[in-house]
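Take a look at the letters that make up each chain.
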Amino acid sequence: MADRLTQLQDAVNSLADQFCNAIGVLQQCAPPASFSNIQTAINKDQPANPTEEYAQLFAALIARTAKDVDVLIDSLPSEESTAALQAASLRQLEEENHEAAARLEEVVYRGDMLLEKIQSALADIAQSQLRTRNGSIHSQKSHLSFLYVLCTVHVVY
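Within each chain, residues carry numbers counting from 1 in the order of the written sequence. Local features are withheld for residues below a pLDDT of 70 in this predicted model, meaning they are given only at 70 or higher, and side-chain atom pairs are given and counted only at 80 or more; totals for whole chains, interfaces and linings count all residues. Water and hydrogen atoms were dropped before computing side-chain values, which therefore reflect all heavy atoms in the structure.

Caption draft 1: Region of the structure containing the overall build of the chain. The numbering of helices and of strands both runs from the N terminus, where a helix is a DSSP run of H or I of at least 4 residues and a strand a run of E of at least 2. Along the chain, the regular secondary structure elements total four helices and zero strands. Whether a residue is buried, partly exposed or exposed follows from its accessible area with a 1.4 Å probe, protein chains only, as a fraction of its type maximum: under 20%, in between, or over 50%, in that order. Evaluated residue by residue, the chain yields a buried proportion of 8% over its 157 residues. What makes two residues a contact is simply this: any of their non-hydrogen atoms within 4.5 Å. Pairs at least 24 residues apart make up 88% of the contacts formed inside the chain by residues separated by at least 6 positions. Here the chain has roughly 13700 Å² of accessible surface; of this, 60% comes from carbon and sulfur atoms. Where accessible areas are quoted, they stem from the Shrake-Rupley method and a 1.4 Å probe; at the residue level, only the protein chains shown are allowed to cover.

Okay, structure coming up:
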């Protein structure tokens, strides 16, 4: 991203382009001036030009770009900003940064602890499901062997 001065220069260049384009379009759309005793049939047959629409469009573009230029100018450091004020501002920003970093570390630590608890709970659930499955398979096997014994006893008699 460009610095503020480059952004300001780009905005001023854009404003100049818009002024030039507006003047060119207005000249192109302007009705011809009449000279004394000279009339041409071509001018009478030309349709009305949307000069008003172009004027409003370019006025809006120029106003918006001028507002952007003002915002960029206001964002530039003032002449009253001394090295001491800038250093104090930087110290304050560094303190805020350290506080935010400490809060972030605390949140990450709590997140890690929560993650461990969740993983432990999931492992317990998985173990319970495996024990339940093994128990149901064992009970199914015992039911099948009981049925087998019954069938073999029934066939023998």
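Caption draft 2: The side chain of Thr 65, seen in detail. Along the polypeptide, Thr 65 turns up in helix H3 (residues 51–75). A relative accessible area of 8% places Thr 65 in the buried class. Distance and chemistry together define a polar contact, namely a pair of N or O atoms within 3.5 Å, with one atom able to donate a hydrogen and the other to accept it when in protein, and with adjacent residues in sequence counting only for side-chain atoms on both sides. A distance of 2.9 Å separates the side chain of Thr 65 from the side chain of Gln 18, its partner in a polar contact. The contact partners of Thr 65, leaving out residues within four places of it in the chain, are Ala 11, Ser 14, Leu 15 and Gln 18.

Caption draft 3: The arrangement of a negative patch on the surface in detail. Taken together, Glu 94, Glu 95, Glu 96 and Glu 99 make up a surface patch of like negative charges. Note that Glu 99 resides in helix H4 (residues 83–156). The exposure class assigned to Glu 99 is partly exposed, which follows from its relative accessible area of 47%. Within the patch definition used here, like charges are joined within 9 Å and nonpolar side chains (Val, Leu, Ile, Met, Phe, Trp, Tyr) within 5 Å, considering only residues with over 30% relative accessible area and no salt bridge. What counts as a salt bridge is simple: a side-chain nitrogen of Lys or Arg found within 4 Å of a carboxyl oxygen of Asp or Glu. Under the convention used here, Asp and Glu are negative, Lys and Arg are positive, and both His and the chain ends fall outside the count. In plain terms, the charge of a residue is placed at NZ if it is Lys, CZ if Arg, CG if Asp and CD if Glu.

Caption draft 4: Main features of the packing of helix H1 (residues 4–29) against H3. Viewed as axis vectors pointing N to C, H1 and H3 meet at an angle of 165°, and their least axial separation amounts to 9 Å. Classified by the angle their axes make, H1 and H3 are roughly antiparallel. Crossing angle aside, the handedness with which H1 passes H3 is left-handed. Any residue outside Ala, Val, Leu, Ile, Met, Phe, Trp, Tyr, Cys, Pro, Asp, Glu, Lys and Arg is labelled polar, Gly included; the first ten of those are nonpolar and the last four are charged. Each residue belonging to the contact of H1 with H3 can be placed in one class, and the counts come to 18 nonpolar, seven polar and one charged. Note on geometry: axes are C-alpha line fits, over the in-contact stretch for helices, and angles between N-to-C directions span 0 to 180 degrees. Angles are sorted into four bins: roughly parallel if under 35 degrees, roughly antiparallel if over 145, roughly perpendicular if 65 to 115, and oblique for all others. Take the far helix as the reference: if the near one is turned anticlockwise from it by less than a right angle, the crossing is left-handed, and if turned clockwise, right-handed.

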